[in-house]
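Summary of structural features
Residues per chain, in single letters:
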Amino acid sequence: MDKVRMEQTTIKKISIRLIPYLFIGYMIAFLDRVSITYSSMGGMDKALNISASMFGFISGIFFLGYILFEIPSNLLLKRFGARKWIGRILLTWGIVTMITAWADSVTHLYMLRFLLGIAEAGFFPGIILYITFWFRSKERAKVVALIMTAPPLANAFGAPVSIWIVENIHWAGLPGWRWLFILAGIPAIVLGILTFFYLTDTPEKAKWLTNEQKEWLTHAIRQEENNKANEKGLSIKAVFRDRVVWRFALTNLTFVVGLYGISFWMPRIIKSLSDVFTNSQVGVITMLPYLCGAIAMVLMGIHSDRTGERKYHAAFGPLLGAIGLIGLLFSPNLFVSVSMICLTTAGLYSFSGPYWAFTSATVSAQAAVVGIGIINSVGNFGGFVGPYVIGLLNDATGNITIGIAFLALMLVLTCIQILAVKKEENSCL
């Protein structure tokens with residue numbers, strides 16, 4: 001088999017085997033994260049006397065647990081292998097999500113959301129790291145983009161389904177918002193069990209590849225890692241002192257403030273646009289922005305891979321998101337408002353593919369475990385800041401306008417930070 005055909009058939013086989021699994025896993029993760037949003041709309045707030053700022057804190061505290069255990073989790077994935085560790089992550093977060101159904105106070109929710117963050121810690125950076133074991137740099141933006149269509153699609157289809165559950169399922173005397181947690185946790189447990197039988201740690205262990213394919217892939221990945229190590233020469237300790245890593249970490253921080261500020265508050269933002277919207281109508285309308293986000297994410301990832309350019313592709317997304325939010329503030333009617341929200345989500349989700357290809361090419365192969373962990377950990381603090389600040393501003397002002405302006409500012413800062421990376425700081429520019 002010639003080299004070109006070997007490359008094509010091997011990458012195709014790997015993609016078919018791994019991308020759907022990683023996509024489903026990340027979709028389940030996001031459904032579990034945002035189930036709190038739809039439970040809130042379905043009666044949880046009233047039952048447990050939850051204010052807007054309390055809801056923001058409940059949403060965001062997940063990320064504090066995630067941050068604390070993210071780097072240790074990534075190191076343990078490297079030690080125990082993806083099959084065992086990702087399987088463990090799925091099982092534990094599914095169990096915690098189901099237990100949340102029996103929360104009887106705001107304090108219980110604080111504790112369980114924090115535990116959910118600990119349980120899920122390392123899943124996303126573990127996926128990013130796992131991709132580097134199987135795909136070369138030139139394929140990663142598209143692969144990451146395909147996997148990261150999971151969050152917008154999870155919201156697009158999860159929103160109407162979740163709202164239907166909280167309004168219509170009341171089995172065994174439990175209200176629908178409690179059943180949503182139970183039903184959201186089951187898929188994670190099932191996939192966690194399947195992971196132990198399905199996932200393969202490294203190409204060398206892949207029985208579903210031929211010996212020739214394993215040899216080619218192992219050589220290609222190893223050669224790329226060696227070249228990157230020679231170019232950067234960063235040790236693990238050096239990564240903690242590397243200004244480029246911390247620049248990307250701060251960039252991810254401001255971006256995630258915007259991303260999760262929108263993710264947890266979008267249904268409420270949409271409901272605030274009209275006094276006559278029912279929860280079911282909000283669920284249906286919520287599908288549109290997230291479908292736009294999924295399409296934009298794939299198209300941007302493909303274009304970034306095709307051109308080989310990362311910096312300006314990554315900068316464009318948050319700029320577009322900021323334009324959408326500013327447009328929302330000055331929108332004259334409902335149609336324009338929904339269009340601006342669609343523009344915002346298209347910008348937000350188009351960022352991820354080029355950005356993570358950009359960052360994964362920055363650190364040495366030796367330091368990738370810690371480097372990606374630092375960037376994602378710092379960024380995830382934005383997942384706490386965004387929802388909580390929106391809640392505080394909402395309680396203080398009585399509306400969500402100032403919160404939207406705050407998110408727009410964060411996305412403008414994200415764009416500026418990406419553009420500030422100089423060419424000599426990164427060989428992939």
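Throughout, residues of each chain are indexed from 1 in the direction in which the sequence is written. Reporting of local features is limited, given that this is a predicted model, to residues whose pLDDT is at least 70; pairs of side-chain atoms are given and counted only at 80 or more, and all residues count toward the totals for whole chains, interfaces and linings. Just so you know, side-chain values use all the structure's heavy atoms and leave hydrogens and water out.

**What about the packing of aromatic side chains?**
Ring pairs are drawn from Phe, Tyr and Trp, using the six-membered ring of Trp, whenever the two centres fall within 6.5 Å, and their geometry is named by plane angle: stacked under 30 degrees, edge-to-face over 60, tilted for the rest. The final tally for this structure, using the stated rule, is 25 aromatic pairs. Taken together, a centroid distance of 6.2 Å and an interplanar angle of 85 degrees make the contact between Phe248 and Tyr355 edge-to-face. Placement of the pair is Phe248 in helix H11 (residues 243-271) and Tyr355 in helix H15 (residues 352-360), with a sequence separation of 107 residues. With respect to burial, Phe248 and Tyr355 carry one shared label: buried. One aromatic cluster is present, built from ring pairs that chain together Phe30, Phe62, Phe63, Tyr66, Tyr260 and Phe264. Across the ring face of Tyr198, the terminal group of Arg17 is positioned such that the distance to the ring centre comes to 4.1 Å. Positioned over the ring face of Phe55 is Arg268, at 4.2 Å from the centre of the ring. Every helix listed is a DSSP run of H or I at least four residues long, and every strand listed is a run of E at least two residues long, numbered separately from the N terminus. Each residue is placed in one exposure class: buried if its accessible area under a 1.4 Å probe, protein chains only, is under 20% of its type's maximum, exposed if it is over 50%, and partly exposed if it falls in between. The criterion for a charge sitting over a ring is simple: Lys NZ or Arg CZ within 6 Å of the ring centre, and within 35 degrees of the ring normal.

**Focus: the nonpolar core**
Counting 135 residues, the largest nonpolar core has Tyr26, Trp93, Phe123, Trp134 and Trp356 as the members making the most contacts within it. Among the elements that line this core, the one with the most residues is helix H1 (residues 3-48), at 18 residues. Residue contacts are defined here by distance: any two heavy atoms, one from each residue, within 4.5 Å place the two residues in contact. In this view, Trp356 contacts Phe124, Ile128, Val144, Met148, Asn252, Ile372, Ile375 and Asn376; residues no more than four positions away in its chain are not counted. In plain words, nonpolar cores are sets of buried Ala, Val, Leu, Ile, Met, Phe, Trp, Tyr and Cys residues tied together by side-chain atoms within 4.5 Å.

**Describing the packing of H11 against helix H12 (residues 279-307)**
The angle between two axes is taken between their N-to-C directions and runs from 0 to 180 degrees, where each axis is a line fitted to C-alpha atoms and a helix contributes only its stretch in contact. At their nearest, the axes of H11 and H12 sit 9 Å apart, and the two run at 125 degrees to each other. Classified by the interaxial angle, the pair formed by H11 and H12 is oblique. You can see that H11 and H12 cross each other, and the crossing is right-handed. Of the residues in H12, those in contact with Ile262, Ser263, Met266, Pro267, Ile270 and Lys271 of H11 are Asn279, Val282, Ile285, Thr286, Pro289 and Tyr290. Of the residues in the contact of H11 with H12, the class split is eight nonpolar, three polar and one charged. Working definition: roughly parallel below 35 degrees, roughly antiparallel above 145 degrees, roughly perpendicular at 65 to 115 degrees, and oblique for all remaining angles. Crossing handedness: left-handed means the near helix sits turned counterclockwise from the far one by under a right angle, and right-handed means the same turn made clockwise. For this scheme, ten residues count as nonpolar: Ala, Val, Leu, Ile, Met, Phe, Trp, Tyr, Cys and Pro. Four count as charged, namely Asp, Glu, Lys and Arg, and the remainder, Gly too, count as polar.

**Side note on H12**
Given 3.6 residues per turn, any residue in an α-helix points the same way as the ones three and four places further on. Taking 1.5 Å as the rise per residue, H12 with 29 residues should run 42 Å; its terminal C-alpha atoms sit 43 Å apart, in good agreement. Once H12 ends, the next one or two residues include Gly308, with phi positive near 80 degrees. For a helix, the expected span equals 1.5 Å multiplied by the residue count minus one.

**Details of the environment of Arg88**
Summarising the element assignment, Arg88 is placed in helix H3 (residues 82-99). According to the relative accessible area criterion, Arg88 is partly exposed, its value standing at 24%. Placed 172 residues apart in sequence, Arg88 and Tyr260 show a C-alpha to C-alpha distance of 25 Å. Ignoring anything within four residues of it in the chain, the contact list for Arg88 reads Ser73, Ala119 and Phe196. Under the rule applied, a polar contact is a pair of N or O atoms within 3.5 Å (in protein, one hydrogen donor and one hydrogen acceptor; residues adjacent in sequence only if both atoms are side-chain atoms). Within the local environment of Arg88, its side chain forms a polar contact with the side chain of Thr92, the two groups lying 2.9 Å apart. For Arg88, the side chain forms a polar contact with the main-chain oxygen of Ala119, separated by 3.4 Å.

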